[in-house]
Amino acid sequence: RTEMSPIQEIPPIYFKVHLKMLFYLGIDIIPIENPNLRKLFYVYTIFIIGLMCLFTVLEFLDMVLNFDGIYKMTFALCYFVTHILGSAKMFLMLALRKKLWAHLTKLEGGVFKPNVQRGGVKEFELVRDAIELCKRQGYFFYTFVIFIIGARALWAALANWPYDKNNYFDGNTTVIVNTKIMPYTTWMPFDYNVSPYYELVFAFQIFSTVVYGFYIGAADAVICGFMMLIKAQFLIIKASLERLMERAAGRESANEIQLLEEKAQNFAQKLTSECVFHHQELIALCDQAENDYCYLMLLQFLSSLLIMCFQLFQLSTISPDSVEFFSMSMYLILMLFQLLCYCWHGNEVQIVSGQVSSFAYNINWIITKESVKKSLLLMMMRSQRDCYFTAGKFSLLSLPTFMTV
Amino acid sequence: MSPQMMKFKVSGLVADLMPNIRLIQTSGHFMLHYHADNSGALHTLRLGYCCAHLVFMLLQYGSNFVNLIFERGDVNDLAANTITVLFFTHCITKFVYFAVRSKLFYRTLGIWNQPNSHPLFVESNNRYHALALKKMRQLLYIIVIWTSFSAIAWTSITFVGDSVHNIKDPDNENETITEEIPRLLVKGWYPWNAMSGMPYYITLIFQIYYVFFSLAHANLLDSLFCSWLIFACEQLQHLKEIMKPLMELSASLDTYVPKSADLFRAPSATSQDNLIESDYNAKNEELKGVYSTRQELGGHFRGGALQNFGGGGVGPNGLTKKQELMVRSAIKYWVERHKHVVRLVTAIGDAYGVALLLHMLTSTIMLTLLAYQATKITGVDKYAATVLGYLLFALAQVFHFCIFGNRLIEESSSVMEAAYSCHWYDGSEEAKTFVQIVCQQCQKAMSISGAKFFTISLDLFASVLGAVVTYFMVLVQLK
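For every chain, the first residue of the written sequence is number 1, and numbering continues from 1 along that sequence. Throughout, the order in which chains and ligands are written sets their labels, letters from A for the former and numbers from 1 for the latter. Reporting in this predicted model follows two pLDDT cut-offs: at least 70 for local features of residues, and 80 or more for side-chain atom pairs to be given and counted; totals over whole chains, interfaces and linings ignore these cut-offs and use all residues. Calculation of side-chain values draws on the structure's entire complement of heavy atoms; hydrogens and water are dropped beforehand.

Working definition: helices are DSSP H or I runs of at least four residues, strands are E runs of at least two. Numbering for both runs from the N terminus. Looking only at helices and strands, chain B has 14 helices and 2 strands in total. Contacts spanning at least 24 positions in sequence make up 80% of the contacts within chain B whose residues lie at least 6 apart. With the model as given, the accessible surface of chain B reaches about 21700 Å², and the carbon-plus-sulfur share is 64%. Should any heavy atoms of two residues lie within 4.5 Å, those residues are considered in contact. What sets the accessible areas is the Shrake-Rupley method with a 1.4 Å probe; for residues, cover comes only from the shown protein chains.

Structure representation (structure tokens):
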């Protein structure tokens, strides 16, 4: 290619990194062509999801069978609710995968494809920035997850002093109690104090938690990335509006007050219609996406709130000098970060969709004929109503919502 | 661009806000531009002055903080010291914030350096500009008086009542005894004994300086922000006022002839927003000729007066070409001025939004603690006076910027009403479409947001006040 790099085409699947991650974890958003491979993949999906569900069930059993007061309960509940959230997200993603793929491909083609004649090189930059930001958010989340789980694993491995949990006598037999410290709490039907079992269960717990963390991270990254791309599309509309008069008149006409010639007026009309079509398509996509994802968001919100309550309760009962306090506060920060990502990008989309009105206002419409002005006016009117994302239709994803939390 | 190379040219907002700027520079903020002589030596001297202030402020703040850690045993002392530390956090934050983001402040101050102008609307522009100037001066006086009064009140209340604090009795674990501490404005830890004599007086003077300058730092920056908002509001008033004559211009008969000299004034050399006249001259040579031959008929155009030369002429919608061009130039002035105001408001939001967010976060925590302290008031004494003083000051700071933020919201949303209430039905098609576009664009009010997290308005103040009262009531009940 002899073209300069900014005008180079953007590689086809925008969120390849995170979609590949989801693929490895058993969710095939990128469709598999070969039907035999697809069947094999489904077997793999069932296996992984089965393993995750098993882990969650074991956690639940441990909570129920080894109930030891509200302190232990809230600790177990923190992780249990997170893992329930993870599984629910998994199932929802499986159910929604075709729709998600449809939305993502739609955003890569047709009127949404960056066009250098329309808004200039800026369009490519905008889309590229959105993809970069999405990648970085995902990486940050993965690193944080590994850090937290790694720290906890290290702590559990190193701190193996006798920890008398539930040693009690039931009649004339001593009930076997697992006294070795595990990173997380699961119920096992066998005694895992013995050496090979201990390592196995340890590895199983760490593996499951990491997989859950990555699920949640990848799902978040894909959905937030989707919102980032929508924001980029609104900014592309801005870039194309800015260049509209220049393209119509064939010259820089920002300070003229004479009406344009007939030919230029007609061309301006055509360009404005294209812009309005872009705006309409984008709004339609937003509405559709909002309908599809609002329950996922609601689930996310409710579980985040619940988990944070448990975490704060835990934090208020542990002394600030212990490792547990550090680990729990890191986890709290991760949850807040997750919520902040959603609220921030939802807020950005809301703001930028309302700004289309000012984008249209800022061009030199004074020198156009009435029909062009009317088209711009109708576009401004529609953009007064923001495009927003909601959590289950009753709560907006926005920064004020985050502040109330 | 190094400060030495900037030509000292006082115009626009900088000229209007010169007293504010001078006061800000005197109080030690890192505002190093806007001096006539910015040579290397003087610049370094000024930088040194600002750094000295910064060092003193941080030292005293550190001393407060260390004292907080030492006295954390007693809950009452802990609460009181936390409130003091949070109070001075405002001042330090604003100081450091300005130093770090001064480029944005310079940009905002320079945004109004080349406003556009139109001969028909000069008089209205000047009137509102003068009004804005007057209000900004009044605000500055009020802020200066209030800051001085607060500092003096703080100093005087130090000399009232006992200067003691409670510590555990070393003989009896469960008892507390009172121990004398130095009679200073704020409790701080010093490596020397500040009880009496020379060290005491030096520490006292240092603390008076600290309190006065900290209050000045925070309040002057807030008043700069509010002055910007006053200016933006007055510009919006100007835009609302000229809507009417603009419509009348479009509806007037074609026998109107303005004095040509007004229309063809030479534009200034470096125009950010090109003045209308420059393109007028460039593109409309024939127009010049037309007007100069009609000069004998022309009178002065008084804003708002419909000049009717009577007899003949086309109806309101059948404007001649020159009439149309004049109307379009007036519309262009209006639209460009409005866009300029929007740019100013966006720049203000960018410059000060994060500072407002930090202020609100600190205030929320501080007001919660103050509500707790207020439940322990037992009578009219020094304690009650200090708690109420802190409370009033904190609430006044929040009220200060909330009221101007609210005014901006109100003004910008009333532009649409002004556009509707002019005689647009008499105007040309173009004028009607212009009114339509303006109404559409101005439906959403312009507002300043605290870094997108919340909007600065009286609602914010009401919610803060409501929260404080609620905490107070709940805590009183819990007693």
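Still more to cover.
Our next topic: the overall build of chain A. Within chain A one finds 11 helices and 4 strands. In this scheme, a residue with accessible area under 20% of its type's maximum is buried, one over 50% is exposed, and one in between is partly exposed, where area comes from a 1.4 Å probe on protein chains only. When the 405 residues of chain A are sorted by exposure, 53% land in the buried category. If you take every contact in chain A between residues at least 6 apart in sequence, the share linking residues at least 24 apart comes to 78%. For chain A, the computed accessible surface area is about 18600 Å², with 66% contributed by carbon and sulfur atoms.

Moving on, we get to the UniProt feature "transmembrane region" (unreviewed entry) in chain B. All names here are of chain B. In the UniProt entry, the feature "transmembrane region" (unreviewed entry) is given for residues 47–66, 78–100, 139–160, 200–221, 341–371, 383–404 and 453–474. For residues 47–66, the helix share is 100%, the strand share is 0%, and the end-to-end C-alpha distance is 28 Å. Taken end to end, residues 453–474 has its terminal C-alpha atoms 27 Å apart, with 77% of it in helix and 0% in strand. UniProt positions are given in the numbering used here, feature names are shortened, and annotations may be inferred rather than shown by experiment.

The term nonpolar core refers to a set of buried residues drawn from Ala, Val, Leu, Ile, Met, Phe, Trp, Tyr and Cys, joined through side-chain atoms within 4.5 Å. Membership of the largest hydrophobic core comes to 247 residues, with the highest contact counts inside it found for Tyr215(A), Leu241(A), Trp365(A), Trp334(B) and Phe434(B). At 27 residues, the largest contribution of residues to this core is made by helix H7 (residues 198–251) of chain B. Contact partners of Phe434(B), with chain neighbours within four places excluded, come to Trp365(A), Met243(B), Leu246(B), Met247(B), Ile331(B), Trp334(B) and Val335(B).

Let's shift gears to helix H2 (residues 35–65) of chain A. Residue and element names in this part refer to chain A. Residue count minus one, scaled by 1.5 Å, sets the expected span of a helix. Look at H2: 44 Å from first C-alpha to last across 31 residues, which is about the 45 Å you get at 1.5 Å a residue. Restricting attention to buried positions, one finds in H2 the residues Phe 41, Thr 45, Ile 48, Ile 49, Met 52, Phe 55, Thr 56, Leu 58, Glu 59, Asp 62 and Met 63. Distance and chemistry together define a polar contact, namely a pair of N or O atoms within 3.5 Å, with one atom able to donate a hydrogen and the other to accept it when in protein, and with adjacent residues in sequence counting only for side-chain atoms on both sides. The backbone nitrogen of Asn 36 lies 3.2 Å from a side-chain oxygen of the residue at the head of H2, namely Asn 34.

Moving on to the UniProt feature "transmembrane region" (unreviewed entry) in chain A. All names here are of chain A. Using the residue numbers shown here, the UniProt feature "transmembrane region" (unreviewed entry) corresponds to residues 41–61, 73–96, 139–158, 202–230, 293–313 and 325–344. Between the C-alpha atoms that bound residues 41–61 the distance is 30 Å, and the span itself is 100% helix and 0% strand. Helix makes up 100% of residues 293–313 and strand 0%, whereas the separation of the span's terminal C-alpha atoms amounts to 30 Å.

Each Phe, Tyr or Trp ring, with Trp reduced to its six-membered ring, pairs with another whose centre is within 6.5 Å; inter-plane angles below 30 degrees give stacked pairs, above 60 give edge-to-face pairs, and intermediate values give tilted ones. Evaluated as defined, the whole model comprises 41 aromatic pairs over all chains. Here Phe226(A) and Tyr293(A) contribute two aromatic rings whose centre-to-centre distance is 5.8 Å and whose plane-to-plane angle is 85°, an arrangement assigned as edge-to-face. With Phe226(A) in helix H5 (residues 195–242) and Tyr293(A) in helix H7 (residues 262–317), the pair connects residues that are 67 residues apart, well separated along the chain. With relative accessibility at 0%, the residue Phe226(A) sits in the buried group. Residue classification places Tyr293(A) among the buried residues on the basis of a relative accessible area of 2%. Measuring from centroid to centroid gives 6.1 Å for Phe70(B) and Trp189(B), while their planes differ by 80°, and the two rings are edge-to-face. Residue Phe70(B) is found in helix H3 (residues 40–70), and its partner Trp189(B) is found in the loop between strand E2 (176–180) and H7; the two are separated by 119 residues along the sequence. On the basis of relative accessibility, which here comes to 57%, the residue Phe70(B) falls in the exposed class. Since its relative accessible area comes to 38%, Trp189(B) is described here as partly exposed. Clustering of aromatic rings is evident, with ring pairs tying together Phe87(B), Phe88(B), Trp146(B), Trp154(B), Tyr210(B), Tyr390(B) and Phe393(B). Our definition puts a charge over a ring when NZ of Lys or CZ of Arg is within 6 Å of the ring centre and also within 35 degrees of the ring normal. Here the basic side chain of Lys20(A) rests over the ring of Phe23(A), its NZ or CZ set 5.6 Å away from the ring centre.

Between its first and last C-alpha, H7(B) extends 80 Å over 54 residues, near the 80 Å set by a 1.5 Å rise per residue. Burial of H7(B) is extensive: 42 of the 54 residues sit out of reach of the surface.

Turning to the pattern of salt bridges, a few remarks are in order. Side-chain pairing between opposite charges can occur once the charged atoms of the two side chains come close. Residues and elements named next belong to chain B. The term salt bridge refers to a pairing of a side-chain nitrogen on Lys or Arg with a carboxyl oxygen on Asp or Glu at a separation within 4 Å. Scanning the model with the defined rule gives 27 salt bridges over all chains in all. Lys 94 serves as the salt-bridge partner of Asp 222, at 3.4 Å between the closest nitrogen and oxygen. Taken together, the residues span a long stretch of sequence, with Asp 222 in helix H7 and Lys 94 in helix H4 (residues 75–100) at a distance of 128 residues. Judged by relative accessible area, which is 0%, Asp 222 ranks as buried. Look at Lys 94 and you get buried, because its relative accessible area is 3%.

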